[in-house]
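Topology and contacts: notes
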Amino acid sequence: MQQYDVVVIGAGAAGLMCAASAGYRGRSVLVLDHANKAGKKILMSGGGRCNFTNLNTTPDHFVSANPHFCKSALHRYSPWHFVEMVERHGVGHVEKAPGQLFCDTSSKAILQVLLTECEWAGAEVRLKTSVTHINNRPVGEGADSGASSQALGDDGFVLRAEGESIRCDKLVIASGGLSIPTLGAGPFAYRVAEQFGLRVLPTRAGLVPFTLQPADKEWLAALSGVSAEVRAEAGGRAFAEPMLITHRGLSGPAMLQVSSFWSPGEAVTVDWLPALADPLAALREARKAQPAAGVEKWLRGFFSQRLAAALAEHFGWSGPLQHYSNEALAEIASVLKGWRFKPSGTEGYRTAEVTLGGVDTDSVSSKTFEVKSVPGLYFIGEALDVTGELGGFNFQWAWASGWCAGQAL
């Protein structure tokens, strides 16, 4: 039987960070992953350039049933700690938006940093290796009647992987959530949690595009590829970001952000002109200056010709401005500042960047990430009920939770 101090299941951002952190502390570490490549989500993130952190990271940028849980780790391992490591490896980076750091070349550089750190720390990474049993139970199978979950972890853990037995003193679950199953995502972490008697909060896709009701899809589908700077609001949170119209619905940062706060059946409110505080005053001024001009022409001052024409046609804004009363102009302004639509749903885990919900953080130490009722068992990263907003926050959570767990192993 193979013997390690620590086994980390999941060779993603959190898992590799944890493995290196523990390895540098003198632990023998094995990382297992069923995929054929490590860090697949790292490689595809940020359009292939990996938005690897956000310098403005604070707990306010995270969603969790326990909003205080993330505070300790984010304080102990800041974005600047990761930036220092990246720069030590000679990886160039750019700040594409305030606080959002990307590789200046390819996301492969970030993955290579992590793999190199694991190599230097003596942590072994083994791919194409699926863990099927933990403590001789198939993953996801609950404890036998009368056997406490604590007893399962008292003397370490025995895993079965590809027909081999592996024993470890500490077991770290870093296998992520359900987002993007084509990259190998699945419910492994949740099944392990349930096996050891932990609560798993309901999961759903986050940072995901919306799909539309037929009536909205009909007029917007023709605008596929068109984007606009908007302010979107749902669930009490608002984001001023670009919105992208696709052939399936609405995407872009504005929609991805509010999707994490939206609940099925609720409406999303879109301010088409977030930079214009008083569109009614602007419309009245335009009517005075160019009375023969139409609403569509006025809209072209803010939108592409295609979008301006589609808005005017869909909402019936035809004819010259001089024919519009103050009340009619006020109605136009109201629509532009507060268009409401009810999504039919989202594109789901297929395109979601993150998974909302997950392993209940009340079961886990916010300092060490060890399960309170099962000594030696740890959960980190996306598997936990901690989800960041768009812009590098989820990677920073991976680095912070992985590093902190590694320091405790």
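Before any of the text, the structure's been laid out above.
In this report, the structure presented in the accompanying data block is examined. (Residues numbered from 1 in each chain as written. Predicted model: local features only at pLDDT ≥ 70, side-chain atom pairs only at ≥ 80, totals over all residues. Heavy atoms only, no water.)

**Details of the overall build of the protein**
What counts here: By the criteria applied, helices consist of DSSP H or I runs no shorter than four residues and strands consist of E runs no shorter than two, each listed in order from the N terminus. Partly exposed describes any residue whose relative accessible area lies between the buried limit of under 20% and the exposed limit of over 50%, with all areas from a 1.4 Å probe on protein chains only and scaled to the type maximum. We call two residues in contact whenever any of their non-hydrogen atoms come within 4.5 Å of each other. Working definition of accessibility: Shrake-Rupley area with a 1.4 Å probe, residue cover restricted to the visible protein chains. None of His or the chain ends enter the tally, which takes Lys and Arg as positive and Asp and Glu as negative. Working definition for charges: the position is that of NZ of Lys, CZ of Arg, CG of Asp or CD of Glu.
Helix and strand counts for the protein stand at 14 helices and 22 strands. Seen along its three principal axes, the alpha-carbon backbone of the protein occupies a region of about 85 × 50 × 35 Å. For the protein, buried positions account for 52% of its 409 residues. Across the protein, every contact between residues at least 6 apart in sequence was considered, and the portion connecting residues at least 24 apart equals 75%. Here the protein displays about 17000 Å² of accessible surface, and carbon together with sulfur accounts for 50% of that area. Distance between charge centres in the protein, computed from 36 positive and 39 negative side chains, equals 2 Å.

**Some words on helix 12 (residues 305–315)**
Along helix 12, the positions that sit buried rather than exposed are Leu307, Ala308, Ala310, Leu311 and Ala312. Positioned one or two residues after helix 12, Gly316 has a phi angle of 75°, which is positive.

**Points about unusual backbone geometry**
The phi angle at Cys50 is positive, at roughly 60°, despite the residue not being glycine. Positionally, Cys50 belongs in the loop between helix 2 (40–44) and strand 3 (51–54).

**Concerning the sheet that holds strand 3**
One key point about sheets: their strands pair by backbone hydrogen bonds, in either a parallel or an antiparallel sense. Basically, it comes down to this: Should DSSP find at least two bridges between two strands, the strands are regarded as paired. Lines fitted to C-alpha atoms define the axes, with helix axes restricted to the stretch in contact, and inter-axis angles between N-to-C directions lie between 0 and 180 degrees.
In spatial order, the strands read 3-6-5; together these 3 strands make up an open sheet with antiparallel pairing. At either end of the open sheet lies a strand with only one pairing partner, and these are strand 3 and strand 5 (93–97). In this sheet, neighbouring strand axes are inclined to one another by 35° on average, regardless of whether the strands run parallel or antiparallel. Note that strand 5 and strand 6 (residues 100–103) share 4 bridges and pair antiparallel. Its bridge partner being in strand 6, Glu95 is matched across the sheet by Leu101. Set on the sheet, helix 4 (residues 79–88) makes contact with strand 3, strand 5 and strand 6; between it and strand 3 the angle comes to about 140°.

**Points about the layout of surface pockets**
By rolling a water-sized probe across the atoms, one finds the places where empty space is left. What counts, and what does not: The definitions used throughout rest on a 1 Å grid laid over the protein atoms alone, on which a cavity is an enclosed set of points accommodating a 1.4 Å probe that cannot get out and a pocket is an open set flanked by protein within 12 Å on both sides along at least five of seven lines; lining residues are those having an atom within 4 Å of a point. Grid points are joined across faces, edges and corners, and a volume is the space filled by probe spheres set on the points.
Of the voids in this model, the second largest pocket is the one considered here, and its volume is about 160 Å³. Elements supplying a minimum of two residues to the lining of the second largest pocket: helix 1 (13–23), helix 4 and helix 14 (393–408). Ranked by residues supplied to the lining of the second largest pocket, first place goes to helix 4 with 4 residues.

**Examining the pattern of salt bridges**
Worth spelling out the cut-off: Any carboxyl oxygen of Asp or Glu that lies within 4 Å of a side-chain nitrogen of Lys or Arg is treated as forming a salt bridge with it.
Applying the stated criterion to the full structure yields 14 salt bridges. Residue Glu382 pairs with Lys41 through a salt bridge whose shortest N-O separation is 3.2 Å. Within this pair, whereas Glu382 is found in the loop between strand 21 (377–379) and strand 22 (387–388), its partner Lys41 is found in helix 2, the two being separated by 341 residues in sequence. Put simply, Arg167 and Asp169 hold a salt bridge, and the shortest N to O gap is 3.1 Å. Of the residues examined, Arg167 reaches a relative accessible area of 22% and is grouped as partly exposed. The partly exposed category is assigned to Asp169, whose relative accessible area is 34%. The network of salt bridges with shared partners includes Glu84, Arg88 and Glu117.

**Observations regarding the pairing of strand 15 (residues 237–245)**
With 8 bridges connecting them, strand 14 (residues 227–234) and strand 15 associate as antiparallel partners. Across the sheet, the residue bridging to Ser227 is Leu244, located in strand 15. In sequence, strand 14 turns back onto strand 15 through a hairpin of 2 residues, with Gly235 there showing a positive phi of about 60°. Relative to strand 16 (residues 249–251), strand 15 runs antiparallel, the two being bridged by 2 bridges. Looking at the pairing, Leu244 lines up with Ser251 of strand 16.

**Notes on the side chain of Asn54**
Worth spelling out the cut-off: For this analysis, a polar contact is any N or O atom pair within 3.5 Å, provided that within protein one partner can donate a hydrogen and the other can accept it, and provided that sequence-adjacent residues contribute only side-chain to side-chain pairs.
In this structure, Asn54 sits in strand 3. Note on Asn54: relative accessible area 2%, which makes it buried. Separated by 2.8 Å, the side chain of Asn54 and the backbone oxygen of Gly391 make a polar contact. Sequence-distant contacts of Asn54, defined by excluding residues within four places in its chain, comprise Pro79, Pro98, Gly99, Gln100, Gly391, Gly392 and Phe393.

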